[in-house]
Every structure is written in C-alpha cells, then in structure tokens.
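Chains, contacts and geometry: an overview
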Amino acid sequence: MWQAVLIDDEEYVRAELAALFPWARYQFTLIGEAENARDAMALVEKNKPDLVITDIRMPEMDGLELIAWLGQYYPRLITAVVSAYNDFHYVREALRLGAVDYLMKAEATLETAGSFLERLSGILDSRRSLQHRYEELSVRMNRYHDLAVESFWRELITGGYDETEILQRGKQ
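Residues numbered from 1 in each chain as written. Predicted model: local features only at pLDDT ≥ 70, side-chain atom pairs only at ≥ 80, totals over all residues. Heavy atoms only, no water.

Along the backbone of the protein there are six helices and five strands. Mapped from its N terminus to its C terminus, the protein presents α and β elements in the order β-α-β-α-β-α-β-α-β-α-α. Taken over the C-alpha trace, the protein has a radius of gyration of 24 Å; the compact-globule value for 172 residues is 16 Å, which it surpasses by more than 25%. Dimensions along the principal axes, computed over C-alpha positions, put the protein at roughly 80 × 30 × 30 Å. (Helix = DSSP H or I, 4+ residues; strand = E, 2+ residues; numbered from the N terminus. Rg over C-alpha atoms; globule rule 2.2 N^0.38 Å.)

Turning our eyes to something else, we now look at unusual backbone geometry. For glutamine 27, which is not glycine, the phi dihedral falls at a positive 65°. Looking at where glutamine 27 falls in the secondary structure, it is placed in the loop between helix H1 (11-20) and strand S2 (28-34). What makes glutamine 27 partly exposed here is its relative accessible area of 41%. The residue glutamate 60 is not glycine, and still its phi comes out positive at about 70°. As for its placement among the helices and strands, glutamate 60 is situated in the loop between strand S3 (51-54) and helix H3 (63-73). You can call glutamate 60 exposed: its relative accessible area is 68%. (Buried < 20%, exposed > 50% of the residue type's maximum accessible area, 1.4 Å probe, protein only.)

Judged by how many residues are buried, strand S4 (residues 78-83) sits mostly within the fold: six of six residues are covered. When S3 meets S4, the two strands line up parallel, connected through four bridges. By the bridge assignment, leucine 51 is partnered in S4 with isoleucine 78. Each parallel crossover has a hand, and for S3 linked through H3 to S4 it is right-handed. Here five bridges tie S4 to strand S5 (residues 99-104), and the two strands are oriented parallel to one another. For alanine 80, the partnering residue across the bridge sits in S5 and is aspartate 101. Assessed by its sense of winding, the connection that carries the chain from S4 through helix H4 (residues 88-97) to S5 is right-handed. (Pairing = 2+ DSSP bridges. Right-handed = clockwise from strand over helix to strand, strands pointing away.)

What the rule picks out here adds up to five aromatic pairs. The interplanar angle of 80° and the centroid separation of 6.5 Å between the aromatic rings of tryptophan 23 and phenylalanine 28 together place this pair among those described as edge-to-face. Of the two residues, tryptophan 23 and phenylalanine 28, both sit in the buried class. Ring centres 5.6 Å apart and planes at 50° place the aromatic pair tryptophan 69 and tyrosine 74 in the tilted group. (Phe/Tyr/Trp six-rings, centres within 6.5 Å; stacked < 30°, edge-to-face > 60°.)

Before going further, it helps to examine H1. For H1, the full list of buried residues reads Val13, Arg14, Leu17 and Ala18. The arc enclosing the buried residues of H1, seen along the axis, measures out at 130°, which places them on a common side. The outward face of H1, more than 90 degrees from its buried face, is lined by the exposed residues Glu11, Tyr12, Glu16 and Ala19. Contacts from the buried residues of H1 go to strand S1 (2-7), S2 and S4. (Arc of directions from axis to C-beta. Contact = heavy atoms within 4.5 Å.)

Phe21, Phe28, Leu51, Ile53, Phe116, Leu117 and Leu120 are the most contacted members of the largest nonpolar core, which has 21 residues in total. For this core, the secondary-structure elements that each account for two or more residues are S1, H1, S3, S4 and helix H5 (110-158). (Core = buried A, V, L, I, M, F, W, Y, C linked by side-chain atoms within 4.5 Å.)

Glancing now at the side chain of lysine 105. Turning to its location among the elements, lysine 105 is positioned in the loop between S5 and H5. For lysine 105, a relative accessible area of 17% translates into the label buried. Among the polar contacts made by the side chain of lysine 105, one reaches the side chain of aspartate 55 at a distance of 3.4 Å. Apart from residues lying up to four places away in sequence, lysine 105 is in contact with Asp8, Glu10, Val13, Asp55, Val82, Ser83 and Ala84. (Polar contact = N/O pair within 3.5 Å; in protein donor to acceptor, adjacent residues only side chain to side chain.)

Remember that the coordinates give geometry; whether it matters functionally is a separate question.
Structural data, given as structure tokens:
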C-alpha cells in the first residue's frame, strides 16, 4: 500500500476530500492530514509518505513553496495538487516544481477523484518497477564484474596471456 498525506487549510475541505477519495481501491492509505505547509513538513519528516496531495493557497507558506521544499528534501515522493483555483499560472508553476497532477476541487467527484488516484498510483508503480529493474541490473553488473576479474586472474596465473594481452586486459 502507498502512504498518502492530505494538506488543506480548510478543515471541512480536508474532511470532504478524505472521504471522497477511494484510497483503498488504488492501494493508498491516508496516514495523515495537515492544515498548513509547516505542519505538512513535520508530517512528511515523521512519516515519509509516498504521496503528498496539497492545496495551493494556504496561509504562511503556500502549496507551491511546499512542493519546492518536498522536491529538494524528499525527491522520491510525488506531489499532486487539489485546488479551487483554475489559474494556469498555478498549474504551470506546480508542475514546474515537480507536482505530477492537478485536480480542481469544483470538479472533484467520486469518478474524477478515482481517476486522479489511479494516475498517481500508476506513477508510483512505474517508479517502483524502474527501481527494481535498476537494482537487478546493478546486481548483474556486479556479478559480471566479479566473474571478469576472476577470469582475468585465472588466465594470468595459469599463463593463458602473453605480456601484451596482460597489459591490455589490465587497462580494461
């Protein structure tokens, strides 16, 4: 299960969104909520979620600043925006800072919320798959390197190489 946190300065909006999103259907667990970016930072530092869904306009520190901070300190988690503002400037800036999706609160229905979470889950699944492939390739490369070194030393000790081949292989 993926872990998610929800950030919005309006308590009733957080409650509505938390109830609206079909978290479990898309392999998410809502592990926390925060009413501002500062509380969100503490929540992220403590729980290390996979997903942060944030509002844009909040007092003290806005969602764009939070997204920038998350990108700097927690680049492995993904961020998405749920906002009441249909302002292209905010959307563009959120995406530029690393947010991966944007949902208008006015358009939030069970269907759109489900599609939103489905896209986010797909991104996380893809990242996990790529990480596993990278780790497998890394293990294989280390095994290949060990076998190549072993083969080199075996040939060197048993006299399988002449001096030129030894120098050439040693450079590799």
